[in-house]
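Reading the structure
Listed here are the chains, written in short residue letters.
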Amino acid sequence: MTQSDTPKPAPVPAPKKQRLTRRELERRRILLRSVGAGAAAIAAGLIGWYPVRERIFDRLRPPGALDEDAFLAACIKCGQCVQVCPVEAIKLADGDEGYGLGVPYIDARAQACDFSCDAVQCVLACPTGALSHEIAHKEEVTMGFARLARPDSCLAVKGEGFTGLARGYDFEGLLRYEEIDRWEPQPVASYSYDLELCDLCMRECPIEGAITLEPISADADDPRRMPTIHKSCVGCGTCEMMCPTEPASIVIDTELKLGDIA
Amino acid sequence: MKWYLHKLAMMFGAAPRKASPAEETEAAREMKKFKKTPEQAQKRKDIIEHEHQYPVISHKWRNLRWLSIIVINAMFIVSFAWDVQLVEGSMSASRFLGFHMADPNAAIQVTLAFKELMLNLVIGTVTVILLWWLVGGRAFCSWACPYHLLAEWAEAIHLFLARKGWVKDHPFHRGMRVVLWVVFMVLAFVTGYTVFEYINPVGIVSRALIYGPTVAVIWVIFLLGIEIFFSRRFWCRYVCPIGLTYGVTSAAAPLQIKYDLDKCVHEGECRAVCLVPHVLEITKMGYASDTTEYIGPDCTRCGLCVDACPQKALSFTVRGLDKIV
C-alpha cells in the first residue's frame with residue numbers, strides 16, 4: 001500500500017519469483033498428485049499385458065471359446081459358465097494371468113469337460129458370445145487336440161492291462177457313467193476297472209471315434225495297441241483325466257499351442 | 001438450465017461454485033437476504049448450539065443401505081453355493097431370474113475390445129441402466145457395490161486415525177476420473193483387452209465372494225490401505241470409471257435428494273459425511289440457486305446427508321412427485 005503512493009514506474013522486482021499462496025501451492029500439489037496417481041493406475045492396468053504377451057499360461061478354454069485374443073476381449077469375467085457346469089470343470093483364472101483374470105479355463109487333468117450336460121451349457125450361459133453361440137453339439141467343439149505325449153509310459157502301448165481305480169481313491173474328479181446314471185456324474189474314485197488291456201482313453205472318450213487303439217505289429221497275438229487320435233477329437237480332456245499313468249500319457253494341446261505349431 | 005449444466009460439469013471435475021445472480025430465483029434471493037439478517041443469524045447459532053448439546057444421531061439410511069449391499073451380494077453367493085439360480089454370475093454380468101444384466105462399464109469395454117455388438121450384452125446393459133436410472137444411477141455405488149461397503153469401513157478407520165492426528169487426507173483432482181475413463185476405454189479399443197477389468201476392485205471382490213478368494217484380492221487390500229492411510233475414499237471419489245458411467249447414464253434420474261434452503265442452518269454436517277461433497281456445496285450460505293433444489297447427478301443417493309442433517313433440510317424425493325402431491 002505504501003508503495004502505491006510513490007511515483008516510481010517499476011518499483012517491484014520482476015514477478016518471476018513471485019511466491020505462490022498456500023492455496024495455489026495446494027492446488028498444484030493436488031494436480032501433481034493426480035497426474036501421478038492416474039499414471040500409476042494406468043500402469044497397474046497395463047501390467048496385466050505381460051503374462052498374456054509372454055504366454056506364461058497356456059490354458060485350455062471351455063467349449064466354444066473364441067481364439068485366445070478374441071476370447072480375452074469378449075469375456076466379461078462374470079463366471080456364469082462356471083455356475084452351470086455340472087462337473088464344475090470350469091475355473092476362473094487369478095491375477096497372475098494378467099488380462100486372463102476372471103477368465104474361465106479347464107484343468108483337464110483335475111476335472112475334464114466330459115459333456116455331462118449334453119447341450120454345452122456353458123456356451124448357452126455365456127452372455128457375450130466369448131463362448132461362441134454357434135456351437136450346439138459337443139461334436140462341434142474345438143477346444144484343443146489330444147496327443148499321446150508319453151508313449152513310453154502308455155499301458156496300451158506296453159500291452160498292459162489295468163485293474164483298480166483309474167486315478168486312486170482320493171481323486172475328486174467326476175465322470176458321466178451312462179450305465180450307472182445318465183444325469184448324475186459319478187466320482188471317478190467310485191468306479192473300479194478290470195481291463196485286460198488298458199483302453200481308458202478310448203473307453204471314456206465322449207466323442208465317438210475320436211480315439212481308437214490300433215495294433216502296433218502285424219502279429220495277431222501281440223497285445224500292444226497304439227492310441228490314435230482322429231480328426232473328430234474336440235480336446236475335451238476326458239482322456240487326459242482318465243489316463244491312469246502318472247503323469248498322464250495322453251494330454252491335450254490347447255488351441256493356442258496348436259496355432260503355434262500350424 | 002445453466003445451473004444444471006454446472007452440476008453436470010461438476011461430475012466431470014469442475015470446481016463447485018456459488019449460483020450467480022442470473023441463476024438465482026427471486027424467491028431464493030429473498031430468502032438468502034432474510035437469512036442474513038442478524039436475528040436469523042442469531043437464531044441459527046442458537047439452533048446449532050442446541051444441536052450440539054442434544055445431538056440426534058440417526059443411521060437409518062446407512063443401515064438400510066448396508067442391508068441392501070449385503071442382500072444383493074448374498075443373492076449372488078447363495079445362487080451359486082446352493083444352486084438356487086436367483087442371480088447367476090457376478091457383478092460384471094449376471095442373469096437375474098433368467099433376465100440378462102450387465103455392468104454398463106464392463107459392457108462398453110468388452111464391446112470396444114471385441115469390436116462387435118452382442119445382443120445379450122446390449123439387452124443386459126439397457127436393463128441395468130434403466131433399473132438404476134430409476135433410483136439415480138450412482139445409487140448402484142452405494143446400494144449394491146461390494147467394494148463400496150469395504151471402502152466405507154476403511155473410511156471409518158481413516159476418519160478415526162485422522163481425528164487422532166495420525167493420518168491426513170490427501171485430496172486429488174476429480175477430473176482424474178474422467179481422464180482415466182477415457183484412457184481405459186481407448187486402451188480397451190486399442191489393445192483389444194479389457195484393461196480396466198484387470199484392476200477393477202468391484203469385479204475382483206464380487207468374484208472372490210462368489211467363487212472363492214483369489215490372489216487378486218491383495219490389490220483390493222492395497223487400495224483400501226491407500227484409503228485408510230493416504231486419501232479418504234480414494235477409489236470411489238477420484239478413480240472409479242464405473243461410478244462415472246452410472247452418473248452419466250442417469251444425469252436426470254427420478255429419485256433425487258432434495259435440498260430445502262429454508263430449513264438449512266448451514267453448519268455443514270452433510271458435507272462432512274458425503275462421498276461426493278461437491279454436490280452439497282449448495283448447502284453453503286448463499287450458494288443455492290433456488291429455495292428447494294435437487295442436489296445433482298454425481299450424488300450416489302446414499303442418504304448419509306439425510307441422516308446427518310438435524311434440520312431435515314435434505315430428503316429423498318421423486319422428481320416432480322413433490323409438486324403433484
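Remember, predicted model here, so these are calculated numbers, not experimental data.

Some words on the overall build of chain B
In terms of regular secondary structure, chain B is built from 17 helices and six strands. Relative to the globule expectation of 20 Å for 325 residues, the C-alpha radius of gyration of chain B, 21 Å, shows essentially globular dimensions. Each of the three principal axes of chain B carries a C-alpha extent, and together these read 65 × 45 × 35 Å. Relative to its 325 residues, chain B shows a buried fraction of 46%. Looking at chain B alone, contacts between residues at least 24 apart form 73% of all its contacts between residues at least 6 apart.

What about the overall build of chain A?
Across its full length, chain A holds nine helices and 10 strands. Since a compact globule built from 262 residues should have a radius of gyration of about 18 Å, the 30 Å found for chain A marks it as more spread out than a globular shape. With the principal axes as the frame, chain A shows a C-alpha extent of 120 × 35 × 35 Å. Summarising the internal contacts of chain A: among those between residues at least 6 apart in sequence, 69% fall at separations of at least 24.

Digging into unusual backbone geometry
Glu246(A) connects to Pro247(A) through a cis peptide bond whose omega is 0°. Mapped onto the elements of the fold, Pro247(A) is located in the loop between helix 8 (238–242) and strand 10 (250–254). The residue Lys312(B) is not glycine, and still its phi comes out positive at about 55°. Looking at the element boundaries, Lys312(B) is found in the loop between helix 16 (304–308) and strand 6 (314–318).

Digging into the sheet that holds strand 6 of chain B
Residue and element names in this part refer to chain B. Judged by pairing direction, the sheet is antiparallel, and its three strands sit side by side in the order 5-4-6 without closing on themselves. A strand with exactly one partner marks an edge of an open sheet, and here the two such strands are strand 5 (292–294) and strand 6. Each neighbouring strand pair of the sheet contributes to a mean axis angle of 35°, computed without reference to strand direction. In terms of strand pairing, strand 4 (residues 255–260) meets strand 5 through three bridges, oriented antiparallel. Residue pairing for strand 5: Asp 260 is matched across the bridge by Thr 292.

Some points on the environment of Val251(A)
Residues and elements named next belong to chain A. Among the structural elements, Val 251 can be located in strand 10. For Val 251, a count of 21 C-beta atoms within 10 Å gives the class buried. Separated by 106 residues in sequence, Val 251 and Phe 145 place their C-alpha atoms 8.3 Å apart. Sequence-distant contacts of Val 251, defined by excluding residues within four places in its chain, comprise Arg 147, Ala 149 and Glu 240.

A closer look at the pairing of strand 4 of chain B
Where strand 4 of chain B and strand 6 of chain B come together, five bridges link them in antiparallel fashion. Bridging from a neighbouring strand, Ile257(B) pairs with Phe316(B) of strand 6 of chain B.

Comments concerning the nonpolar core
Within the largest apolar cluster, 147 residues are counted, with the highest numbers of intra-cluster contacts made by Cys122(A), Cys201(A) and Cys305(B). No other element matches the seven residues that helix 9 (residues 175–191) of chain B contributes to this core. Ignoring sequence-local partners within four residues, the contact set of Cys201(A) consists of Ile211(A), Pro227(A), Cys239(A), Met242(A), Cys243(A) and Ile250(A).

What to know about the interface of chain B and chain A
Every contact between the two is made by 46 residues of chain B and, on the other side, 36 residues of chain A. Contributing elements (two or more residues each) for the side of chain B that touches chain A: strand 1 (87–90), strand 2 (93–96), strand 3 (99–102), helix 5 (104–114), helix 6 (119–134), helix 9, helix 10 (195–199) and helix 11 (201–211) of chain B. The element best represented in the side of chain B that touches chain A is helix 9 of chain B, accounting for seven residues. Classifying every residue of the side of chain B that touches chain A gives 28 nonpolar, 14 polar and four charged.

Some remarks on the packing of helix 11 of chain B against helix 12 (residues 217–229) of chain B
Residue and element names in this part refer to chain B. In the contact formed by helix 11 and helix 12, the axes pass within 9 Å of each other and the chain directions differ by 125°. Relative to helix 12, the element helix 11 lies oblique. Along this stretch, helix 11 crosses helix 12, giving a crossing that reads as left-handed. Contact residues: Pro 201, Ile 204, Val 205 and Ala 208 in helix 11; Val 217, Trp 219, Val 220 and Leu 223 in helix 12. For the contact of helix 11 with helix 12, the class distribution of residues is eight nonpolar, no polar and no charged.

Focus: the confidence of the model for chain B
In this model, chain B carries an average pLDDT of 93, and 99% of its residues clear a pLDDT of 70 or more. For this predicted complex, the interface score ipTM comes out at 0.90, while the overall pTM is 0.90.

Quick notes on the pairing of strand 3 of chain B
Residues and elements named next belong to chain B. One ladder, built from four bridges, connects strand 2 with strand 3; its direction is antiparallel. Considered in strand 3, the bridge of Ala 93 is made with Ala 102. Turn length for the strand 2-strand 3 hairpin, with the two strands adjacent in sequence and antiparallel, is two residues, and the turn residue Leu 97 shows positive phi of about 50°.

Some points on the sheet that holds strand 2 of chain B
All names here are of chain B. Read from one edge of the open sheet, three strands run 1-2-3, paired in antiparallel fashion. Either end of the sheet is taken by a strand with one partner, and the two such strands are strand 1 and strand 3. Taking the axes of each pair of neighbouring strands and ignoring which way they run, one obtains an average angle of 15° across the sheet.

Thoughts on helix 1 (residues 22–47) of chain A
Here helix 1 of chain A is 26 residues long and its end C-alpha atoms lie 37 Å apart, about the 38 Å a rise of 1.5 Å per residue gives. Within the sequence span of helix 1 of chain A, burial applies to Ser34(A), Ala37(A), Gly38(A), Ala41(A) and Gly45(A). Looking at the buried positions of helix 1 of chain A, the neighbouring elements they touch are helix 9, helix 10 and helix 13 (234–239) of chain B.

Quick look at the environment of Val126(B)
Its place among the elements puts Val126(B) in helix 6. Considered as a pair, Val126(B) and His100(B) are 26 residues apart in the sequence and their alpha carbons are 9.5 Å apart.

Some points on the environment of Leu256(A)
Residue and element names in this part refer to chain A. The residue Leu 256 is located in helix 9 (residues 255–261) in this model. For Leu 256, a count of 18 C-beta atoms within 10 Å translates into the label partly exposed. Placed 198 residues apart in sequence, Leu 256 and Asp 58 show a C-alpha to C-alpha distance of 7.0 Å. With near-sequence residues (within four places) excluded, Leu 256 lies in contact with Arg 55, Asp 58 and Glu 68.

So, how was this worked out
Residues numbered from 1 in each chain as written. Chains lettered and ligands numbered in written order. Predicted model: local features only at pLDDT ≥ 70, side-chain atom pairs only at ≥ 80, totals over all residues. Helix = DSSP H or I, 4+ residues; strand = E, 2+ residues; numbered from the N terminus. Rg over C-alpha atoms; globule rule 2.2 N^0.38 Å. Buried ≥ 20, exposed ≤ 12 C-beta atoms within 10 Å, placed from the backbone. Contact = placed C-beta atoms within 7 Å. Pairing = 2+ DSSP bridges. Axes fitted to C-alpha atoms, helices over the stretch in contact; angles between N-to-C directions. Core = buried A, V, L, I, M, F, W, Y, C linked by C-beta atoms within 7 Å. Nonpolar A, V, L, I, M, F, W, Y, C, P; charged D, E, K, R; others polar. Parallel < 35°, antiparallel > 145°, perpendicular 65-115°, else oblique. Left-handed = near helix turned anticlockwise from the far one by under 90°. pLDDT = per-residue confidence, 0-100. Expected span 1.5 Å × (residues − 1).

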